[in-house]
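# Structure at a glance
Each chain, letter by letter, is given below.
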Amino acid sequence: MFTGIVTDIGTIRQVERRGDARVVIDTAYDTGSVDLGASIACSGVCLTVVDKGPGWFAVDVSGETIARTADQWREGRRLNLERALRLGEELGGHIVTGHVDGVATVAAIAPDGDSLRVDFALPPALAPFVAPKGSVTIDGVSLTVNRVEDQAEATRFGVNIIPHTQGATTLGDLRAGDSVNVEIDVLARYLQRMEQYRVRPR
């Protein structure tokens, strides 16, 4: 479990293609304190540490994960990193599972004071789960949804990215047309399941 509060920006050093992709990520984390088998969210994707050394760790990324996430599994790509939440730690963002629900596209970016106003085009299947003033995770970053517009071609939602978040995550580098990982609020998932169960034929 995670909170969507990024604590490091890692860089993919190497991608080795085999059955799964072995991805080596450079990090500022003290990897001596990272156990093999530990979970680290990599731009919102919960992955298991399978190897490590000073200043780096490695994860295996399945073909299924590559197919269902943004175009990020390449050498030189920067990733938002978050270690798993420990019992008793501050929950600074919102509850994040590290299970990506889909990929959105950056539709527009504009300055808004010192912040950036970023609009995303959302896949239709995820549109019901994004609401104004609700929470959403973009590339592993917990954000508040400011507005939602249901349009004929797609649903668009917007967030504001403050200067701190621009500098502490990769979101300050976003450009129109970029793809990003989206995780909806876990509470919305349960509400959908409850509604499906309530209306199903008996």
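The structure displayed is predicted, hence computed values, not measured ones.

Glancing now at the overall build of the protein chain. Helices and strands together make up the secondary structure of the protein chain, namely three helices and 13 strands. Of all 202 residues assigned to the protein chain, the portion counted as buried reaches 42%. Counted over contacts in the protein chain with a minimum sequence separation of 6, partners at least 24 positions apart contribute 67%. Of the roughly 10,500 Å² of accessible surface on the protein chain, a fraction of 51% belongs to carbon and sulfur atoms.

Considering only enclosed or pocket space, the largest pocket measures out at about 250 Å³ in volume. In terms of lining residues, the largest pocket is bounded by 13 residues, among which Ile-5, Val-141, Ser-142, His-164 and Thr-165 are the most central. If you list the elements that add at least two residues to the lining of the largest pocket, you get β10 (141-144), β12 (155-161) and α2 (163-168). Across the lining of the largest pocket, the residue classes tally to seven nonpolar, six polar and no charged.

A separate point is the pairing of strand β11 (residues 147-150). Within a regular strand, side chains alternate between the sheet's two faces. Pairing analysis gives four bridges linking β11 to β12, with the strands arranged antiparallel. By the bridge assignment, Asp-150 is partnered in β12 with Thr-155. Between β11 and the antiparallel strand that follows it, β12, lie four residues.

This part is about the pattern of salt bridges. In this structure the tally under the stated criterion is ten salt bridges. The shortest N-O distance in the salt bridge between Arg-18 and Asp-60 comes to 4.0 Å. Of this pair, Arg-18 sits in the loop between β1 (8-17) and β2 (21-26) while Asp-60 sits in strand β5 (residues 56-61), and the two are 42 residues apart along the sequence. Taking relative accessible area as the criterion, Asp-60 reaches 30% and is therefore assigned partly exposed. One salt bridge connects Arg-78 with Asp-173, and the closest N-O pair in it is separated by 2.5 Å. With Arg-78 in strand β6 (residues 78-83) and Asp-173 in the loop between α2 and β13 (179-184), the pair connects residues that are 95 residues apart, well separated along the chain. With a relative accessible area of 34%, Arg-78 lands in the partly exposed category.

What follows is about the nonpolar core. Ranked by internal contacts, the top residues of the largest apolar core, which has 23 residues, are Val-118, Phe-120, Ile-138, Phe-157, Val-180 and Val-182. Residue assignment for this core shows that the elements contributing at least two residues are β7 (102-112), β8 (115-122), β9 (135-138), β10, β12 and β13. Sort the elements by how many residues they give to this core and β8 lands first, with four residues. In contact with Ile-138, other than residues within four places in its own chain, are Phe-120, Leu-143, Phe-157, Leu-171, Val-180, Asn-181 and Val-182. Grouped together as the second largest cluster of nonpolar side chains are 18 residues, Val-23, Val-49, Phe-57 and Leu-81 included.

Taken together, the six strands give a closed barrel; going around it, the order is β1-β2-β5-β4-β3-β6, and neighbouring strands pair in antiparallel fashion. Across this sheet, the average inter-strand angle for adjacent strands is 45 degrees, counted without regard to direction. Bridging between strand β3 (residues 39-42) and strand β4 (residues 45-53) involves four bridges; their strand directions are antiparallel. What sits directly across from Ile-40, in β4, is Leu-47.

Here is what the cut-offs are and how they apply
- Residues numbered from 1 in each chain as written.
- Predicted model: local features only at pLDDT ≥ 70, side-chain atom pairs only at ≥ 80, totals over all residues.
- Heavy atoms only, no water.
- Helix = DSSP H or I, 4+ residues; strand = E, 2+ residues; numbered from the N terminus.
- Buried < 20%, exposed > 50% of the residue type's maximum accessible area, 1.4 Å probe, protein only.
- Contact = heavy atoms within 4.5 Å.
- Areas by Shrake-Rupley, 256 points an atom, 1.4 Å probe, with all protein chains shown as cover.
- 1 Å grid on protein atoms, 1.4 Å probe; cavity = no way out; pocket = protein on both sides within 12 Å on 5 of 7 lines; lining within 4 Å.
- Points joined across faces, edges and corners; volume = space filled by probe spheres on them.
- Nonpolar A, V, L, I, M, F, W, Y, C, P; charged D, E, K, R; others polar.
- Pairing = 2+ DSSP bridges.
- Salt bridge = Lys/Arg side-chain N within 4 Å of Asp/Glu carboxyl O.
- Core = buried A, V, L, I, M, F, W, Y, C linked by side-chain atoms within 4.5 Å.
- Axes fitted to C-alpha atoms, helices over the stretch in contact; angles between N-to-C directions.

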